[in-house]
Amino acid sequence: MSRSAHPAGPRHADVLPEGHYSAPAADLNVLDEKVWSRTVTRDADGALTVGGIAVARLAEEFGTPAYFLDESDFRARCRAWADAFGPDADVFYAGKAFLSRAVVRWLKEEGLNLDVCSGGELTTALDAGMPAERIAFHGNNKTVAEIERAVEAGVGRIVLDSFQEIVRVAHIAQRHGVRQRVQIRVTVGVEAHTHEFIATAHEDQKFGIALADGQAAEAVRRALSLDGLELIGVHSHIGSQIFDMAGFEVSARRVVQLLAEIRDEHGVELPEIDLGGGLGIAYTSDDDPREPHEIAKALSDIVTRECEAAKLRTPRISVEPGRAIVGPTAFTLYEVGTIKPLEGLRTYVSVDGGMSDNIRTALYDAEYSVALVSRTSDAEPMLVRVVGKHCESGDIVVKDAFLPADLAPGDLIAVPATGAYCRSMASNYNHALRPPVVAVRDGEARVIVRRETEEDLLRLDVG
Ligand SMILES: *Cc1c(COP(=O)(O)O)cnc(C)c1O
C-alpha cells in the first residue's frame, strides 16, 4: 500500500482516497502499544520512558541518533517463541536482523538457537559463548574459509544452498574427519510478502535449489551419497514481513511431499524440516501481526496434517524468526534539526541521522511511525516527512506521518520498531558515525554496541 501524501495537502487528510496514508490518530500523544516495545510509556511529564528511563536522560547520556533496545521485551519475545513451539521444535533467531555479543548471551540464556550467515556473525556468536551445536550456518555463497571455520567449530547444521556447496562441505568435513549435519535449502516456488504470496513454478532467485524439475531430489541423492554429510532435513524460507499463513501452508506441503519422495526413493525419513523466518511485525498501527502461539499452532497443524496424508512420521520443525523477535524491541531516537514547511505539500522534518541508520525506507519503501517523545503536545497534527541529513533526496526515514504542528528544533522524536535490519544494515555514507545500541532494562541503560567515532573512520583509512 502506498502512503504517499494527498496531492491536495494535509488539510485534506480526512477525505483521502483509498490507499493513501491514514488520517492522523485521534491523539498524537498516545503511544500505540502495537508498535512500541513493552516497557515504553509516558511519564507524568509526558516524556517517553523505556525500562523506566526518560528519553531526555537517555539522549543526554548517549546522544542522538541512537537505538534503544528494551532488553526485557527482547527476552520475553524469545521466551514466547520458545514456549509456543515447545520442546519438540527448535527456534533459531536469525542473527542478520541484529547481532551483538550481548544479544547472543540473551539468546543463550533464553534457550534459543542462532542462525548466522557470514564468518563475522559466526565469530560474534562463538565469541559470546553460543554453543556451536546451537548454531546454523546459512548463505548462498559461503566461502571455503567460512565453511572450514564452521566445520572446525562444530556448528549444529550447515544449510546447503547449491550443488557446488554439497560437494564443498562434504569435502571439508571429510578432511576434518567429521560428518557434518546439513539441511538442503529448497526453493518451493512460493514468494511471500506481507499480505500476499505468489506461487510460481520456477523461482527466479539466487537462494536454494528448486523443487521443480527434480533438482532438489537430485541434491538429496548427492548429499545422501557423500560420507562427509549427515543429511538431517530440508529447509525453506519464503520471504519477509509476512502476515498471511497461506504461503507457509503451500511451502510446508511441498516440503513434506519432498520428504515422502525421499522416503520412497531412498527408504529414509529425514527427521527435520525448517520453515524459515519472515514473520511480520507492526511498523504502523495498520499492521496486525500474529502471536507466536498462533503461528506455532498453524505451522504444526499444517505439517502434521500433510505428514498424516503422506504417512510420514512428523518431522521436528525449526523456525527462524529474526524481525519478529528483535524488530519491535527497539526504537531510534533522533533530535529534530530543521523544519521546512512546503506550502500545500508537507513539512520536511530533518533529523540528525537518516538512511545511514535506517536504509529500509529507501531500500524497500518500508513504512514507519514516528512520535514526539520529549514532551506531549496539544497542537494540531501536521503532515510530515521525516528525512535525514545525507546528500540524497531519497534519504527518507518516515515517508508520511503526523506530528504536532508546534514541533521545534531540539525536540526529540522517535521511530519505533527499528530493532531489525536498521543497525545491522547501517552504513557510513557521508562518513556518518554509526549510532550506538543501548540496552535498557529495569532502570538501567548500558551500551551494547558503542557509537562509531571519527577515530574509527580514520583507523580504517590507511592514508
Ligand atoms: C532473513 C532470514 C531469516 C529471518 O527473516 P525475518 O524476516 O527476520 O524473520 C530466516 N531465515 C533465513 C534463511 C533468512 O534468510
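Residues numbered from 1 in each chain as written. Predicted model: local features only at pLDDT ≥ 70, side-chain atom pairs only at ≥ 80, totals over all residues. Heavy atoms only, no water.

Participant: Lay out the site of the ligand in plain terms, naming residues and giving numbers.
Facilitator: Contacts to the ligand come from 15 residues, most closely from Lys96, Gly278, Glu320, Arg323 and Tyr421. In the model, an oxygen atom of the ligand is placed 2.6 Å from a nitrogen or oxygen of the tyrosine 421 side chain. Protein chains shield 91% of the accessible area of the ligand, which is 390 Å² for the free molecule. A per-class count over the shell around the ligand returns 4 nonpolar, 7 polar and 4 charged. (Near = heavy atom within 4 Å. Polar contact = N/O pair within 3.5 Å; in protein donor to acceptor, adjacent residues only side chain to side chain. Areas by Shrake-Rupley, 256 points an atom, 1.4 Å probe, with all protein chains shown as cover. Nonpolar A, V, L, I, M, F, W, Y, C, P; charged D, E, K, R; others polar.)

Participant: Break down the environment of serine 350 for me, citing the residues and quoting the values.
Facilitator: For serine 350, the position within the fold is in strand S18 (residues 346-351). With relative accessibility at 19%, the residue serine 350 sits in the buried group. Put simply, serine 350 and isoleucine 339 are 11 residues apart on the chain and 6.3 Å apart in space, counted from C-alpha to C-alpha. In contact with serine 350, other than residues within four places in its own chain, are Glu335, Val336, Gly337, Thr338, Val387 and Gly388. (Helix = DSSP H or I, 4+ residues; strand = E, 2+ residues; numbered from the N terminus. Buried < 20%, exposed > 50% of the residue type's maximum accessible area, 1.4 Å probe, protein only. Contact = heavy atoms within 4.5 Å.)

Participant: Can you lay out the side chain of histidine 390 for me, pointing to particular residues and giving the numbers?
Facilitator: Secondary-structure assignment places histidine 390 in the loop between strand S20 (381-387) and strand S21 (396-404). Leaving out residues up to four positions away in the same chain, histidine 390 has contacts with Gly353, Gly354, Met355, Ser356, Asp395, Tyr429, Asn430 and Ala432.

Participant: Can you lay out the pairing of strand S10 (residues 190-194) for me, pointing to particular residues and giving the numbers?
Facilitator: In the sheet, S10 pairs with strand S11 (residues 196-199) via 4 bridges, with the strands oriented antiparallel. Following the sheet pairing, histidine 193 is matched in S11 by glutamate 196. The turn linking S10 back onto S11 is made up of 1 residue. (Pairing = 2+ DSSP bridges.)

Participant: Quick one: what's the story with unusual backbone geometry, residue by residue and with numbers?
Facilitator: In this model, threonine 64 is joined to proline 65 through a cis peptide bond whose omega is -10 degrees. As for its placement among the helices and strands, proline 65 is situated in the loop between helix H1 (55-62) and strand S4 (66-70). Its identity as a non-glycine residue notwithstanding, lysine 311 has a phi of 55 degrees, on the positive side. Note on placement: lysine 311 falls in the loop between helix H9 (292-310) and strand S16 (316-319). We classify lysine 311 as exposed; its relative accessible area is 71%. Positioned with a positive phi, asparagine 430 is a non-glycine residue whose angle comes to about 60 degrees. Note on placement: asparagine 430 falls in the loop between strand S22 (412-416) and strand S23 (437-441).

Participant: Tell me about the confidence of the model for the protein chain, residues and numbers included.
Facilitator: Predicted confidence across the protein chain gives a mean pLDDT of 94, with 95% of residues reaching 70 or more. S11 is the least confidently modelled element of the protein chain, averaging 80 in pLDDT, while S4 averages 99, the highest of any element. Contacts of residues 1-19 to residues separated by more than four positions or lying in other chains number 42 contacts, the stretch itself having pLDDT below 50. (pLDDT = per-residue confidence, 0-100.)

Participant: Break down the sheet that holds strand S1 (residues 41-42) for me, with residues and values.
Facilitator: Taken in spatial order, the 3 strands make up an open sheet running S1-S2-S3, and their pairing is antiparallel. The open sheet is flanked by S1 and strand S3 (53-54), the only strands paired with a single partner. Pairing analysis gives 2 bridges linking S1 to strand S2 (residues 48-50), with the strands arranged antiparallel. Counterpart to threonine 41 in the pairing with S2 is threonine 49.

Participant: How would you summarise the packing of aromatic side chains if you had to cite specific residues and measurements?
Facilitator: If you walk through the whole model with that rule in mind, you get 7 aromatic pairs. The interplanar angle of 40 degrees and the centroid separation of 5.8 Å between the aromatic rings of phenylalanine 68 and phenylalanine 331 together place this pair among those described as tilted. One end of the pair, phenylalanine 68, is in strand S4; the other, phenylalanine 331, is in strand S17 (residues 330-342), with 263 residues separating them in the sequence. Of the two residues, phenylalanine 68 and phenylalanine 331, both sit in the buried class. An aromatic cluster is present here, built from Trp36, Phe62, Phe68 and Phe331 joined pairwise through their rings. One cation-aromatic arrangement involves lysine 142 over phenylalanine 137; the distance from NZ or CZ to the ring centre is 6.0 Å. (Phe/Tyr/Trp six-rings, centres within 6.5 Å; stacked < 30°, edge-to-face > 60°. Lys NZ or Arg CZ within 6 Å of the ring centre and 35° of its normal.)

Participant: For the UniProt feature "modified residue: N6-(pyridoxal phosphate)lysine" (unreviewed entry) in the protein chain, give the residues involved together with the corresponding values.
Facilitator: Following the UniProt record, the feature "modified residue: N6-(pyridoxal phosphate)lysine" (unreviewed entry) maps to Lys96 here. For lysine 96, the position within the fold is in the loop between strand S5 (89-94) and helix H3 (101-109). Once residues within four sequence positions are removed from consideration, lysine 96 is found in contact with Cys117, Glu121, Tyr421 and Ser424. (UniProt positions renumbered as here; feature names shortened; annotations may be inferred.)

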